[in-house]
Protein chains: 2
Amino acid sequence: MKIVDVANFSTRRDVETGTETQRAAVLEILQAVKQEGDVAVRRFTEQFDRIQLTEMRVTEEEFKEALRNIAPEVRDAIREAAANIRDYHSRQIRQSWMTTRDSGTMLGQLIRPLQRVGLYVPGGTAAYPSSVLMNAIPAQVAGVEEIAMVTPPGKDGKVNPGVLVAAYEVGVNEIYKVGGAQAIAALTYGTETLKPVDKIVGPGNIYVALAKREVFGLVDIDMVAGPSEIVVLADSTANPAYVAADLLSQAEHDVMASAVLVTTCRELAQAVQQEVEAQVAVLPRKEIAQASIRDYGVICVVNSMEQGLDVVNRLAPEHLELMVEEPMAYVGQIKNAGAIFLGPYSSEPVGDYFAGTNHVLPTNGTARFSSPLNVDDFLKKSSLISYSRQDLLAHGQKIMSLARQEGLEAHARAIQIRLENERK
Amino acid sequence: MKIVDVANFSTRRDVETGTETQRAAVLEILQAVKQEGDVAVRRFTEQFDRIQLTEMRVTEEEFKEALRNIAPEVRDAIREAAANIRDYHSRQIRQSWMTTRDSGTMLGQLIRPLQRVGLYVPGGTAAYPSSVLMNAIPAQVAGVEEIAMVTPPGKDGKVNPGVLVAAYEVGVNEIYKVGGAQAIAALTYGTETLKPVDKIVGPGNIYVALAKREVFGLVDIDMVAGPSEIVVLADSTANPAYVAADLLSQAEHDVMASAVLVTTCRELAQAVQQEVEAQVAVLPRKEIAQASIRDYGVICVVNSMEQGLDVVNRLAPEHLELMVEEPMAYVGQIKNAGAIFLGPYSSEPVGDYFAGTNHVLPTNGTARFSSPLNVDDFLKKSSLISYSRQDLLAHGQKIMSLARQEGLEAHARAIQIRLENERK
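Going along each chain's sequence as written, the residues are numbered from 1 onward. Throughout, the order in which chains and ligands are written sets their labels, letters from A for the former and numbers from 1 for the latter. Residue-level local features of this predicted model are given only where pLDDT is at least 70; pairs of side-chain atoms are given and counted only at 80 or more, and the full residue set underlies all totals for whole chains, interfaces and linings. Just so you know, side-chain values use all the structure's heavy atoms and leave hydrogens and water out.

A.B. asks: For the sheet that holds strand β11 (residues 298–301) of chain A, give the residues involved together with the corresponding values.
C.D. replies: The strand order across the open sheet built from nine strands is β1(A)-β11(A)-β10(A)-β9(A)-β12(A)-β13(A)-β14(B)-β3(B)-β2(B), with neighbouring strands paired in mixed fashion. Taken across any chain shown, the strands that pair with only one partner, and hence form the sheet edges, are β1 (3–4) of chain A together with β2 (97–100) of chain B. Sheet analysis places strand β9 (residues 229–234) of chain A next to strand β10 (residues 258–263) of chain A, joined by six bridges and oriented parallel. Note on β10 of chain A: the bridge partner recorded for Val231 of chain A is Val260 of chain A. Sheet strands in contact with helix α10 (residues 266–281) of chain A are β1, β9, β10 and β11 of chain A, and its direction is about 165° off that of β11 of chain A. Each pair of strands is called paired provided DSSP finds at least two bridges between the two strands. Only DSSP runs of H or I reaching four residues or more are called helices, and only runs of E reaching two or more are called strands; each is numbered from the N terminus. Contacts: residue pairs with any heavy atoms within 4.5 Å of one another. Interaxial angles span 0 to 180 degrees and are taken between N-to-C directions of axes, which are lines fitted to C-alpha atoms, for helices over the stretch in contact.

A.B. asks: Now, about the domain arrangement of chain A: what can you tell me, with residues and values included?
C.D. replies: One can read the domain layout of chain A as domain 1 (2–15 + 227–369), domain 2 (37–221) and domain 3 (387–422). Domain borders in the structure are assigned automatically or taken from a domain database. Look at where the C-alpha atoms of domain 1 of chain A and domain 3 of chain A centre, and you get two points 58 Å apart.

A.B. asks: Talk me through empty space enclosed by the protein; I want residue IDs and the actual numbers.
C.D. replies: The rule is simple: put a 1 Å grid over the protein atoms alone, call a set of points where a 1.4 Å probe fits but cannot get out a cavity, call an open set with protein on both sides within 12 Å along at least five of seven lines a pocket, and count a residue as lining if it has an atom within 4 Å of a point. Grid points are joined across faces, edges and corners, and a volume is the space filled by probe spheres set on the points. Under the defined criterion, the tally for this structure stands at four cavities of 30 Å³ or more. For the largest cavity, the full set of lining residues is Leu402 and Glu406 of chain A together with Ile78, Ala81, Pro129, Ser130, Leu133 and Tyr353 of chain B. Of all the secondary structure elements, the ones that give two or more residues to the lining of the largest cavity are α4 (72–90) and α5 (129–142) of chain B. If one sorts the elements of the lining of the largest cavity by residue count, α5 of chain B sits on top with three residues. Residue polarity is assigned by list, with Asp, Glu, Lys and Arg as charged and Ala, Val, Leu, Ile, Met, Phe, Trp, Tyr, Cys and Pro as nonpolar; anything else, Gly included, falls into the polar class. Its residues placed into classes, the lining of the largest cavity shows six nonpolar, one polar and one charged.

A.B. asks: Can you tell me about the interface of chain B and chain A, naming the residues and giving the values?
C.D. replies: Between chain B and chain A, the contact holds 117 residues from the first and 116 residues from the second. Taken together, the two surfaces of chain B and chain A that pack against each other cover about 10100 Å², and 57% of this comes from carbon and sulfur. Put simply, a salt bridge is a Lys or Arg side-chain nitrogen that is within 4 Å of an Asp or Glu carboxyl oxygen. Here chain B is connected to chain A by ten salt bridges. Residue Asp198 of chain B is joined to Arg368 of chain A by a salt bridge in which the shortest nitrogen-to-oxygen separation is 2.9 Å. Throughout this description, a polar contact denotes any pair of N or O atoms lying within 3.5 Å of each other; where both atoms belong to protein, one of them has to be capable of donating a hydrogen while the other can accept it, and for residues adjacent in sequence the pair is counted only when both atoms sit in side chains. If you look at where chain B meets chain A, you find 70 residue pairs in polar contact (both at pLDDT 80 or more). The residue inventory of the side of chain B that touches chain A, partitioned by class, reads 57 nonpolar, 33 polar and 27 charged. A 1.4 Å probe defines the accessible area here, and the buried area is the portion of it lost by two parts on being joined, summed over both.

A.B. asks: Describe the pattern of salt bridges, naming the residues involved and giving the relevant values.
C.D. replies: For the coordinates displayed, the defined rule picks out 52 salt bridges over all chains. The salt bridge involving Arg389 of chain A is made with Glu422 of chain A; its shortest N-O contact spans 2.7 Å. Of this pair, Arg389 of chain A sits in helix α14 (residues 389–405) while Glu422 of chain A is found in helix α15 (residues 409–422), placing the two residues 33 residues apart along the sequence. Note that Glu20 of chain B is salt-bridged to Arg23 of chain B, the shortest N-O span being 3.8 Å. Highlighted residues: Glu20 of chain B and Arg23 of chain B, both in helix α1 (residues 20–36), separated by three residues, approximately one helical turn. The network of salt bridges with shared partners includes Arg94, Asp376 and Lys381 of chain A together with Arg94, Asp376 and Lys381 of chain B.

This is how it looks when you write it as structure tokens:
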């Protein structure tokens, strides 16, 4: 892992935007499912997943089988994690509100849940029970009544049992063994089997990402997820073995994952460099972590915490660990970060799995303007206006002059007709 | 305006998604500005707006000229409208929060404003002072420190005076005479003159819309706006002249605007039909309104309020007027609408200009999942995790088993290394 002194490196990766060929394929799949429904979904599942779907929806029996095959301590851990996640997100609940005036006018804002949400869960090696919890629970806390999950069938035609157990634990039982762009299409347009949704969340491969971009506007989507990233900001009080382990926990995700240490302490930099080498050598899947460290890993030595904070804010990391003395003192100066972990015991996997905060976080610099997945993502607002006769008579003239300033005469006349009528 | 009895019409318009030629042109403009900065911006301004920009930024003198040339009552109305909008939006302010446990763990959610926002204001006939207020004020209430406005120069090389006065009234003084895709590019990539932003809001033509879609991810954007729409739900107590005037206030916006009456009263339907004909005949810009009414206007007679509410929810209108007896009684059954206007004095222009609610609203059915522009649109959240040693020792094993269930060994080891070290 290279050590640099200059702070002007960037962690922005050119995230895959897909080729024109991939986009054309996605458009074709979307159109086919829109026109042909289930028939097209089955066709694409056979083509891409090599599975002939008999029953598209996961059955009671399949849930039972997954529950039989999960280790009890894993199931218990899932249940406890779910409770923590639910507790944290329940503190985000919003109330509809209004404000009144003596004149009789009332203005308000209704805040209500979306009606139906689609949750995409990848298959294969990225079939994560934790993803189910992190995507479904905020929606449930928001009050979303219907959650439909889609996930590609495995080689044996089945869904990862951990995923099914997680879904079962949180009461998500509408699951379809469909993946890829065809799943996004089915959720957007609806088929004979699958009722359409208002919003689709959850990560997927490039075809899923392209499909989500295409249907955005017909349905809502979450931000398109990029490769993982962690920045550790550390001083001399940090434990280099802990730092190295946390960097590697990100690096193991993806060859394009980015693991960065920013530190005021050169000795720490060197110790972490050595620890990373020693720890990665004994990791399974070490090829992924090694490639990530090699291509996107950086150790940056800065002159001061102030300079370090500048670097952090410029990087706008997905995950930020503050392994410094009195980390709380610096929180006010962190402008851009998805999730901020304080102190030596707040290892990123604590947040990924268990503490309660969401692990769906803004990547690739989007922490400048995006947020962790949260309850607001499953709510929508409506404005409420009950304007009184008194206020219309008092202010109607002003409204008309504003409308005429903009050349919108019919807007002015809608007010005028009332003023004339009410003053008779 | 046709009267229909069946409730299965749709108001979804195939909103312009742009041709491949337009998309290619936009990509070229984005790339040119990214590479060449101001030089490219000036070149495109000359090409598309036929203006040779000397000073790109609006000067103190230009503000003064606009202030001299605005009618005092219009300026006063703008000021009063701004105060109402600020009051309404100030009630949306959010607090960062945290929760603690006896174990010493603290979790939280920081809620902070975006740093810098770009506001696109169209020129020409759609240069609306009200747009300035509706886009800038929520950002200011959120605490956004820097707002940069871009707006295409008019034929005389100047900016609409009403727009400048509105900006002046709310303290937005960083305005650039640049429009189109080149303005979006400048806001995204930055140029020598224009510092880049974190989010771009505001409507524009197809090139602006396409450019915003392309840069989404580098910056945040608001939802792409479609043509205006209004649904009036009315019973026999409604005044047909008021209904007609409100329908026309939408129809005058755009030939693709949609104005719909849903009513339980056939007599009202017929009276409104007549009123619309009579009122539109004496409108300036009547051709636009007439085309809109002809192509997208509908009067739908339903059997009951229940059926009417069903239709409304399916339409998911941008603006909904409830001109019925006791409108408040039905609010709980309205599931999908951008802004809901209650009673005979809540004419839509009241909300467009003055009452305080935002006039940037979800169109084309997106009220199913989108909201009026609001303070949340200019905030971002960060999760905060301070996990205690006690909790890590108590729960570390569960976290490790969850990580191993997902095949993420380095995640497990980041926990394990701490458990082993802390238990020595």
